[in-house]
Amino acid sequence: MVASSALRMVVGLQGVSLLVKNNNKILALKSWQISGTEQGFQSVESELRRIFGSEKLLGLPFDSKVCALSSPVSTLVPRRLFDQENLGQYFKLLLRTGEERTYGFEKLDEFDCYLVWASEIGLANLCGQYFPDENIRHHASPLLRAFQGLAPAEGYAVFTNLRGQKVQIAVFERRNLVFFNAFDFAKPADLLYYILLAYKQFELSPLEIPLSLSGTLLEDSDIFRLLLRYVRPMRFPPLPDGVHVPDEAKKLPSHYWFDLVTM
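A brief look at the structure comes next. Keep in mind that this is a model prediction, so the values were computed, not measured.

Calculation rules
- Residues numbered from 1 in each chain as written.
- Predicted model: local features only at pLDDT ≥ 70, side-chain atom pairs only at ≥ 80, totals over all residues.
- Heavy atoms only, no water.
- Helix = DSSP H or I, 4+ residues; strand = E, 2+ residues; numbered from the N terminus.
- Polar contact = N/O pair within 3.5 Å; in protein donor to acceptor, adjacent residues only side chain to side chain.
- Contact = heavy atoms within 4.5 Å.
- Phe/Tyr/Trp six-rings, centres within 6.5 Å; stacked < 30°, edge-to-face > 60°.
- Buried < 20%, exposed > 50% of the residue type's maximum accessible area, 1.4 Å probe, protein only.
- Lys NZ or Arg CZ within 6 Å of the ring centre and 35° of its normal.
- Pairing = 2+ DSSP bridges.
- Axes fitted to C-alpha atoms, helices over the stretch in contact; angles between N-to-C directions.
- Core = buried A, V, L, I, M, F, W, Y, C linked by side-chain atoms within 4.5 Å.

Structural notes on the side chain of Glu 106
Here Glu 106 lies in strand 6 (residues 101-108). At 3.2 Å, the side chain of Glu 106 forms a polar contact with the side chain of Arg 145. If sequence neighbours within four positions are ignored, Glu 106 has contacts with Cys 113, Tyr 114, Leu 115, Trp 117, Arg 137, Ser 141 and Arg 145.

See the structure below:
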């Protein structure tokens, strides 16, 4: 399985996803959900360590290994304002003082900006035990690129990706990224509010501009039924051409794996 194969992993405080692929052929696809309200790394550390420690694939050699962090706070910084030596300054209003964090960044040439993130040290250190530091990235960078590839050449497009009770929302205008943010939500109504807020900011009609939904969302859920009352049409993004989900993973819809498969 390992020869000429790649390992991709998305790690957050509400769950973990893992993929092994050889070109477009998916050899393994797994997901673990962590129940409960997200309270920080310490509250889920034992569960995350159990997942990492019990997964034998993590101990095998691969041609490439990438870990994407989905929980850390992140922001987009225009290229002209980016300062690599002072990453913490971008989070002065987002993080409480005194919290120990580690920072990372990635240049997004497609959007003429940098994605900067702040992670709890414990989460970053855990991932660092299994992945080289240079292969630990943020979940948003491949996701935004995937969204851009699906955005129309003309007009607006709204995309959302859910992982547990965290949603990432992106708005594109003629394939140009004009809005991106991530929100925690406790109830379906909270999620609806954040989505409609993105529509309102750009004076878009939720009954005319389609909403693309990916991630840990099932059609037979209170969230989906509520969204369907206020936003139409809604779409699930397709997986890249030639990518097929293994039979053992088909109990979940293909859009459930979208963020992992497009890494």
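As for the environment of Arg 225
Structurally, Arg 225 can be placed in helix 5 (residues 222-230). Counting along the chain gives 37 residues from Arg 225 to Pro 188, while the straight-line C-alpha distance between them is 9.4 Å. In terms of polar contacts, Arg 225 uses its side chain to reach the side chain of Asp 222, at 2.9 Å.

Some remarks on the packing of aromatic side chains
Applying the stated rule across the entire model yields 15 aromatic pairs. Note on Phe 91 and Tyr 103: the rings are 5.8 Å apart at their centroids and 25 degrees apart in plane angle, and the pair reads as stacked. Taken together, the residues span a long stretch of sequence, with Phe 91 in the loop between strand 5 (73-78) and strand 6 and Tyr 103 in strand 6 at a distance of 12 residues. Ring centres of Tyr 156 and Phe 202 lie 6.1 Å apart, and the angle between their planes is 45 degrees; this geometry places the pair in the tilted category. One end of the pair, Tyr 156, is in strand 9 (residues 156-163); the other, Phe 202, is in the loop between helix 4 (188-201) and strand 12 (211-215), and 46 residues separate them in sequence. For Phe 202, a relative accessible area of 18% puts it in the buried group. Its guanidinium or amino end placed over the ring of Phe 131, Lys 65 lies 5.3 Å from that ring's centre, counting from NZ or CZ.

Some details on the sheet that holds strand 2 (residues 15-22)
Strands sit in the order 3-2-1-4-8 across an open sheet of 5 strands; the sheet is mixed. Among the strands making up the open sheet, the edge pair consists of strand 3 (25-33) and strand 8 (136-138). The average undirected angle you get between the axes of adjacent strands in this sheet is 20 degrees. Judged from the 7 bridges that link them, strand 1 (residues 6-12) and strand 2 form a sheet pairing that is antiparallel.

Here we look at the nonpolar core
In terms of nonpolar packing, the biggest core is built from 57 residues, with Val 11 and Leu 48 touching the most fellow members. Among all residues touching Val 11, those that are not within four sequence positions of it are Val 16, Leu 48, Phe 52, Cys 67, Ala 68, Leu 69, Ser 70, Ser 71, Leu 123 and Cys 127. Residues Leu 192, Ile 195, Tyr 199 and Val 231 belong to the second largest nonpolar core, which totals 25 residues.

Digging into the pairing of strand 7 (residues 113-120)
In terms of burial, strand 7 is a largely internal element, 7 of the 8 residues being buried. Both strand 5 and strand 7 contribute to a ladder of 6 bridges, which runs antiparallel. The residue bridging Val 73 from the neighbouring strand is Ala 118, located in strand 7. Two elements, strand 6 and strand 7, share 8 bridges in a ladder whose sense is antiparallel. By the bridge assignment, Arg 101 is partnered in strand 7 with Glu 120. Taking the residues between adjacent antiparallel strands as the criterion, strand 6 and strand 7 are bridged by 4 residues, where Asp 112 takes a positive phi near 55 degrees.

All we've got here are geometric facts, nothing functional implied.
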